[in-house]
Amino acid sequence: MSDYNLNHIQQIEHEAIFVMREVAAQFEKPVLLFSGGKDSIVLVRLAQKAFHPARFPFPLLHVDTGHNFAETLQFRDELIEVTGARLIVRTVQDSIDSGRAAEETGANASRNALQTITLLDAIEEFHFDAAIGGARRDEEKARAKERFFSHRDEFGQWDPKNQRPELWNIFNGRKQPGEHFRVFPLSNWTEMDVWQYIATEKIAIPPIYFSHDREVVDRGGTLLAKCDYITLQAAERYETRRVRFRTVGDMTCTGAVESPAATLEDIIQEVAGARLTERGGRADDRRSETSMEDRKKHGYF
């Protein structure tokens, strides 16, 4: 079928599948970074389509902060059972116990940034030369600078001023020993595209994406879910609100949004009228104007 006869969702699906096949063709040991969030779930579906009827030729890697939503972990394990994929889990707690990372302290302490150390150690441990991630250019201004094939040096660092051109979808995966690439098949997708694709493909997702009653605390405009990893400050208290999550991450920094959206159709309508970015509720992105870019330069997702 000619690309001219495809609708928008079919076109971006074909593009993402093409990128995944390029990864399999150019790299010896790729891995798919899996968080249990909607974007990585979509990547799994795309990988299944890209290599059908065979299983996709790379494992999934979950970097576990230890501060995950229980619903996400349960969904991850169910997905692995259904797909038969190989799952590798590496934990931030192990990085802390080994002295590789230091636990943050203070009111807004989080393990989110510590994932970088665990991720880079896992890449080195398994000699992965390409890590497929679900980042999209519409999410955040630093991610808008990424290429499909994003080069990382021998220290896992990203230099946004030294990326390779990708004219006519020609991807250059050449690297030196010790270097690797991050690959982003969903680069040209938007949050709306992801939700429409999930609806079209009837993809299962964790229930925290749908509206539900939850105890949360309002911390500087961010609604953080009640958990054992957050210490309430003076004058703070938990209250039950009707919320859902637009993005999934460490519970200490992932904010919920008040929402009545209980179905995929509701979510699509809500996203269409949203005036706050998807990561607008992420406390880790508010630490500075360049917080995401700073983390990415040091090897973050």
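Definitions and limits used
Residues numbered from 1 in each chain as written. Predicted model: local features only at pLDDT ≥ 70, side-chain atom pairs only at ≥ 80, totals over all residues. Heavy atoms only, no water. Helix = DSSP H or I, 4+ residues; strand = E, 2+ residues; numbered from the N terminus. Expected span 1.5 Å × (residues − 1). Contact = heavy atoms within 4.5 Å. Polar contact = N/O pair within 3.5 Å; in protein donor to acceptor, adjacent residues only side chain to side chain. Buried < 20%, exposed > 50% of the residue type's maximum accessible area, 1.4 Å probe, protein only. Pairing = 2+ DSSP bridges. Phe/Tyr/Trp six-rings, centres within 6.5 Å; stacked < 30°, edge-to-face > 60°. Lys NZ or Arg CZ within 6 Å of the ring centre and 35° of its normal. Core = buried A, V, L, I, M, F, W, Y, C linked by side-chain atoms within 4.5 Å. Domains from an automatic or database assignment.

We now examine helix α1 (residues 8-26). Three- or four-residue spacings in an α-helix give side chains the same orientation, since the helix completes a turn every 3.6 residues. Over its 19 residues, α1 runs 27 Å from end to end, which matches the ideal 27 Å to within 8%, given 1.5 Å per residue. Tucked into the core, α1 has its buried residues touching β1 (30-33), α2 (38-51), β4 (130-132), β5 (149-152), β6 (180-183) and α6 (191-201). One side-chain oxygen at the N-terminal end of α1 lies 3.1 Å from the backbone nitrogen of I9; it belongs to N7.

A few words on the side chain of R241. With respect to the element layout, R241 can be found in strand β9 (residues 239-244). Classification of R241 as buried rests on a relative accessible area of 19%. With near-sequence residues (within four places) excluded, R241 lies in contact with H212, D213, R214, V216, D218, L223 and E258.

Okay, the pairing of strand β8 (residues 222-225) next. Both faces of β8 are covered, namely the face carrying T222 and L224 and the face carrying L223 and A225. Bridge count between strand β7 (residues 212-219) and β8: four bridges; the pairing is antiparallel. Residue pairing in the sheet places R219 in a bridge with T222 of β8. Where β7 folds back onto β8 in an antiparallel hairpin, the turn is made up of two residues, including G220, whose phi is positive at roughly 60 degrees.

Let us now look at the packing of aromatic side chains. This structure, assessed with the given rule, holds twelve aromatic pairs. A centroid spacing of 5.0 Å and a plane angle of 20 degrees characterise the contact between F149 and F171, whose relative ring orientation is stacked. Remark: F171 occurs in the loop between β5 and β6 and F149 occurs in strand β5; sequence separation between them is 22 residues. For the pair shown, F149 and F171 are each scored as buried. Within the aromatic cluster, the residues linked to one another by ring pairs are F18, F27, F148, F149, F171 and F181. For R137, the ring lying beneath its charged end belongs to F148, and the centroid distance is 5.1 Å.

Attention now goes to the environment of V183. Relative to the helices and strands, V183 is located in strand β6. Relative accessible area serves as the criterion here: at 0%, V183 is assigned to the buried category. Each C-alpha atom, one on V183 and one on M20, is 8.5 Å from the other, the two residues being 163 residues apart in sequence.

Right, let's talk about the nonpolar core for a bit. In terms of nonpolar packing, the biggest core is built from 63 residues, with M20, L32, V42, L46, F149, W189 and W195 touching the most fellow members. Counting contributing residues, this core receives three or more from each of domain 1 (8-193 + 290-297) and domain 2 (205-286). Those residues in contact with M20, other than ones at most four positions away along the chain, are L32, L43, L46, A47, A50, F51, F58, I132 and P185. Counting residues in each nonpolar core, the second largest holds 15 residues, with L114, A122, I123 and F126 among its members.

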